[in-house]
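Residue strings, one per chain:
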Amino acid sequence: MRVTIRPLSVWETSVSSSTVLPAGALLADCKVLRRPTTGLEEPYIVHFDSGGRSYTCPLYQFQPRTEAVAELAETPWPAKAVAV
């Protein structure tokens, strides 16, 4: 899981349009893909989901505008005291 730390320009795949995700948007199922290019396209893109929608953007834009976050299940909880 990742979160945007700055606005991120993305391509919404289901409606074929561009949009901007605000800082604080949660991103899930992030996958980096390498695609063949003709030299005019970015070879590395990231596919991810946010708010129930699927998006892509170039890796060079994704990396500096997002950061990894620990998922709730991975958060260590303090041990509970047990009376004896």
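Because the structure is a prediction, the values reported are computed rather than measured.

Peer 1: What is the right way to look at the overall build of the protein chain in this model?
Peer 2: Within the protein chain, the regular secondary structure consists of one helix and seven strands. Across the protein chain, helices and strands are ordered from the amino to the carboxyl terminus as β-β-β-β-β-β-α-β. Considering only residue pairs separated by 6 or more positions, the protein chain has 44% of its internal contacts joining residues 24 or more positions apart. Carbon and sulfur atoms form 57% of the exposed surface of the protein chain, whose accessible area is close to 6100 Å².

Peer 1: Whenever I open this one, unusual backbone geometry confuses me. Can you help?
Peer 2: Generally, phi is negative for residues other than glycine and the peptide bonds are trans, each holding for most cases. Here the phi dihedral of S16 falls at roughly 50 degrees; this positive angle occurs in a residue that is not glycine. Look at D29: it is not a glycine, yet its phi comes out positive at around 55 degrees. Inspection of the secondary structure assignment puts D29 in strand β4 (residues 26-34).

The rules behind these values
Residues numbered from 1 in each chain as written. Predicted model: local features only at pLDDT ≥ 70, side-chain atom pairs only at ≥ 80, totals over all residues. Heavy atoms only, no water. Helix = DSSP H or I, 4+ residues; strand = E, 2+ residues; numbered from the N terminus. Contact = heavy atoms within 4.5 Å. Areas by Shrake-Rupley, 256 points an atom, 1.4 Å probe, with all protein chains shown as cover.

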